[in-house]
Every structure is written in C-alpha cells, then in structure tokens.
Protein chains: 2
Amino acid sequence: MSHPIPPGTRDVLPDEMRELRELTEGLRGTFGEAGYGEVWTPALEYETTLRTGDASGAGAGYRLFDEQGEVLALRSDMTIPIARVVATRLGEAEPPLRLCYFGHAYRAAERRTAELREFLQGGIELIGLPGAQGEAEVIALTEDALDRAGLRRHRVGVGDGTLFDRLLDDADVPEEARESLVGCLSSRDLVGLERRVDQLGLDPTTRERLVSLPSLRGGVDVLDRAGGAVDALRELHELLAERGVADRVIFDLGLVRQLGYYTGPVFEVYDPAVGFALGGGGRYDELIGRFGRPLAACGMALDVGRVHLAQAAEERLR
Amino acid sequence: MSHPIPPGTRDVLPDEMRELRELTEGLRGTFGEAGYGEVWTPALEYETTLRTGDASGAGAGYRLFDEQGEVLALRSDMTIPIARVVATRLGEAEPPLRLCYFGHAYRAAERRTAELREFLQGGIELIGLPGAQGEAEVIALTEDALDRAGLRRHRVGVGDGTLFDRLLDDADVPEEARESLVGCLSSRDLVGLERRVDQLGLDPTTRERLVSLPSLRGGVDVLDRAGGAVDALRELHELLAERGVADRVIFDLGLVRQLGYYTGPVFEVYDPAVGFALGGGGRYDELIGRFGRPLAACGMALDVGRVHLAQAAEERLR
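Quick notes on the rules
Residues numbered from 1 in each chain as written. Chains lettered and ligands numbered in written order. Predicted model: local features only at pLDDT ≥ 70, side-chain atom pairs only at ≥ 80, totals over all residues. Heavy atoms only, no water. Helix = DSSP H or I, 4+ residues; strand = E, 2+ residues; numbered from the N terminus. Buried < 20%, exposed > 50% of the residue type's maximum accessible area, 1.4 Å probe, protein only. Areas by Shrake-Rupley, 256 points an atom, 1.4 Å probe, with all protein chains shown as cover. Lys, Arg positive; Asp, Glu negative; His and termini not counted. Charge placed at Lys NZ, Arg CZ, Asp CG, Glu CD. 1 Å grid on protein atoms, 1.4 Å probe; cavity = no way out; pocket = protein on both sides within 12 Å on 5 of 7 lines; lining within 4 Å. Points joined across faces, edges and corners; volume = space filled by probe spheres on them. Nonpolar A, V, L, I, M, F, W, Y, C, P; charged D, E, K, R; others polar. Domains from an automatic or database assignment. Expected span 1.5 Å × (residues − 1). Contact = heavy atoms within 4.5 Å.

Engineer: Mind showing me how you'd approach the overall build of chain A here?
Structural biologist: Looking only at helices and strands, one finds 12 helices and 12 strands in chain A. Looking at the 318 residues of chain A, the share that counts as buried comes to 57%. Accessible surface, chain A as shown: approximately 13300 Å² in total, 48% of it carbon and sulfur. If you average the places of the 37 positive and of the 54 negative side-chain charges in chain A, the two averages end up 4 Å apart.

Here's what the structure looks like:
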C-alpha cells in the first residue's frame, strides 16, 4: 500500500528531528540574547488580513472556508501576521520592538520544483528602528546566528528593493511595460531584460543605466559605480563595517524580492552548499501602517530546513 | 482599525511564549529520556489518508483543494499521520517503536464554545507493545511528564473504549438504537441514557448492567463491581501499582473517546484548575494495520496550552 504525502511536504524522522531541534534552539538562543522575544501567531488567518499586508495576495496560497463561510488562508510568511500583532495586541508597546518567531509557513508550489509547500521559518523583526541602523542590526544578528550554527561560507546579498522602480520612474517607462521588465529581473534574466529595454527606444544613457545597474554585483566598489541612487546602501555598508560584519555582504543591485511590502534595502542569505537562498528579508516601512500603526520596520526570515542542509554540508567538510 | 484573528485561534506574546517553550522543552526532555524520538509530519495531509485512519472523517475539519485539484486537510491529531509514517517511512524498523511529537492540530469548533480550532499537541506513541504493558508505560510516562512540569493535582481517567459496545452486543441491542445511546454516554448524560435504555424493553439484569456499569467511577474497587468485563483494566491496574503510579488513576467505565480508532483502554487527563481534559489517548491496535503494517499501539496526546493553564494555576497556589 502506498500512502503518499502532498508534494512539497516532508516527514521528519527522529535523527533529523534531533538536529533540527538543536538548530532551532540555537537560533532562538541567539535571537533571545539579542533581546528578541518570541511570538506565535495562528497558521490560519482571515484572507483579508493577508491581503491587507500584501495586496497581490501572494500571502494566500492555500485558502479554505470555515464553518461561518469566512475565507481563511494559511500564512505564507510570519511578517504580515506579526505586523498585525504589533498594530493590535502590542499597540501600546513602546518601540523599538524586537520580535522573533519559529513556525511553518505555506506556499503553493509547482509540482516539479524543489520548493516546499510547507517549510519551517525562523526569523526576526525589528520594529521602530528606521534606516540603516535597523538594517545593520538585522544583518549582523543573522550573520551571528549562522556563525553560531556552524556555517562558515554564508553570504548576505543586499540590494535595494526600490532601486529598479526608481530607475523606471526616471526613464518615464510606461506602467504597462514594467511588469515584464521586473519579471526578467526577478528571474535573473539579464539578457531578456536588455532585449526588452532595447524595445523601449530610450536615449543611450538612460538605456545603459537600466541595463547595467541591475547587473552590478560584488563588494562595496559596486556602490561607487552606481552613484547617488544607492546612498542608503552606502550608509548601511558603513554601519556593517563598524560592526565588523561587512565582509560577508555582497551588494547585488539586481536583487528583487517577490513580496510586495518592501520599501528599501532587501536581503538574501546564500550558502554554497544549497542551491536556494537560505532566507531573506528587508525593510518594510509601510506594512504595519496598513494595520493602523505607522512604524518603520525590517526583518529577516531563515528557512530552517535549508540552514540545516548547509550546516550538514559544512560538517562533512571538516 | 480592527484586524481580528479567526475564532478559536490565538496570538501568543513573548512572556507567555517563554513559558510555553519551557514547558514543551521539559516535556520533550522527559519523553526523550524515556527513549521516545521526536517526529514531525506535515500539517497538510491528503484527506484520503486521514479517512483511512478514521472513516468518520473526524480527522478532516478543514479541507482545501491544492493546485492539482487534490483534497488536502489539516491534521486534527498526530496519531493518524504517525500511523502512516510507521507503516511507510519506518516500515522496516523493528518494534517496539517509541515516538513523540509536538505540533499544532486543527479542529472545526462551534463559534460559541471555548474549544480552540488550532491547538498545540505534545504526545507519545508506543508502537508494537501490546496490552497492559504498553498502556502502563504510556500512563506512567504521562504522569512523570506532568509531575516534572510542576502539576500536583492531575488525575488520569481510565476506561475501556470497547466496554459499552460489548454490553450492547451482549444485550442484542439493534444497530439503529446504538448511536443515541453512545451519544448520551459521550456527553455524560446518564439520565438520558437510562431513559433510552428503558425504552429497549430489556430484562431487568441486562438493563441494570447497561445503566449501572457506565456510571461506575472511582478507585480499583470499581473494577471489582464490574466483574469479568473489565479484566483488561484489572491487569493494567496491577502494572500501574507495580510502577507506583496507580494513585493518580480514576477508573471511569463510562469514558468514551470520540475518535473512532480506539480498540481497548482509553485515557483522559484532568486537573482541577482546568475545565477541560488536559489530554487523552488510548489503545489503537488496528490503526497502523489500515496503512498496511498490523501493529498493536497506544498513545497519549497532551494539549500543551491547557497543561500550561494548569501549571500556572499550580504556581499561584504555592
């Protein structure tokens, strides 16, 4: 008899579970020592809540009706639910707030991709500390947590989630042409991006900026080549250097995060052992305001299962 | 602005979360020291899997369609998924198997009841150790875990999930009359039970057994008054007494558990601080066989949130 589980889900047996528990306890300990208190929110939210956070509805891969006919959805990340908590249950708490979480999130996945539909996220949210100060703390704490988990080769990619939109604004690119350009960028298709930009009939300087800036990737010198458009990242680099954690950072001006609530720098965590990002995050200064309490915020979510893969690969190298 | 969460779900803030983590770490430690290895299964299962375990479909309160049009359901307990794992992924492992788990389960609840729709379960499954030996280990470990969590006044109710059916068989009660009788018993409506039994026109001795046995509740003397029908519980009592853990047990011959897979003794855990059972379980010798690997088994699931309430009440008493 065969009794399959849904594609993109996993059973975890005791040997692996022991390692995963050790990893999550370690991450929780690191976050806790840094003053981040853990919260839990329900896996099921009203779909309207998730759409308040992200109008694209990316946050509602699995929907169902409850007994009252309300549409519920399985959360696809913890950031939107925590924004709701900060605006409601924690509405009186004095910022900055430092919160962390460990919980499963759910995303619809194509049957043939390696993406999981259920995955364990562990992450942090730093609320009420605007600008580079907040972002530097989040990146530094992420690096610290991964160091202490035994990773040696991880890198944090840092981009600016607003940069490409600003370039499109400067170039007066019409709204209807933008989606396919952003699509090329999210799928890292720089050849396709160049072809589509060429069809816009822009002047050579503008065309060059639209094509070349998103392809810039590397150390801090990348920022020098990009000019004034990336001042926010330059300030962030200075703070990271002061904290002594700038070495692991790769500036990536083509980095685009899929979720719709980012308003500034965005992050992704990589490790050579794993073919996917170990996690990601960024600044989202408007999200909590959508729930009624305008507060700057940024955060980072790690995919605990992928961090565990990187950890295991690191141990094999020793 | 109001941004409610679905009724029967909860946000947990850092102070409470810290206590809950401490409680679950303690339970996990107790289970682990006793040789119970933790497993994780997906919150989403194919509905057919849950129905294989419990044909009544009690295990599928929340259903949804995935991208392929398959019907998925949120698990309503961990016992059916673990039965699946034991028959499939652990199909070659030599019994007895000792497994534990910590995960949220989901049940549809009436809007006005205090029942949660999402609740954290922590529990154990002892697979391949039949009869009173297995049940005694599960009850003793549950008591140990609650002792170590600081509870002082908890009790374990023990009944026999097959007793009432056997009495109905002996009395030749027709199938169509049984549902309402069992319904009275599950809702502890002994007056209603008596009225319905009186309508069956049974001889006085048979009538008396049907009405009086389910009302027996108390110490081991209850078993003496019930005669040969409860030999299995008498053997269990002897083993619990040998382990020195019989004092907390209340024999309750009217105890009926709602889930359809129990085949012998059933358990419920109580504490005077909490109006609901802290947990429950029992013997389910046919469940794993439904997934293709016939193995005797029994287990216990604790509602971690309710154990936490009892723990907090106990601390206030000190």
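Engineer: Just to check I follow, could you spell out the layout of surface pockets for this structure?
Structural biologist: Sizing a probe to match a water molecule and rolling it over the atoms shows the empty space that remains. Residues and elements named next belong to chain A. In this structure, the second largest pocket spans a volume of roughly 530 Å³. Forming the walls of the second largest pocket are 20 residues, and the residues nearest its centre are Gly161, Asp165, Val182, Val256 and Arg257. Those elements that provide at least two residues to the lining of the second largest pocket are α5 (163–170) and α6 (175–186). Per-element tally for the lining of the second largest pocket: the top contributor is α6, with six residues. In the lining of the second largest pocket, the residues fall into nine nonpolar, five polar and six charged. A domain-level breakdown of the lining of the second largest pocket finds at least three residues from each of domain 1 (14–161 + 216–317) and domain 2 (162–215).

Engineer: What is the right way to look at helix α12 (residues 304–317) of chain A in this model?
Structural biologist: Along an α-helix, a turn takes 3.6 residues, which lines up residues three or four apart on a common side. All names here are of chain A. Given a rise of 1.5 Å per residue, 14 residues ought to cover 20 Å, and the 20 Å separating the end C-alpha atoms of α12 matches this to within 8%. For α12, every residue scored as buried is listed here: Val304, Arg306, Val307, His308, Ala310, Gln311, Ala313 and Glu314. In this structure, the buried residues of α12 make contact with α1 (14–33), β6 (118–127), α4 (131–148) and β12 (297–303).

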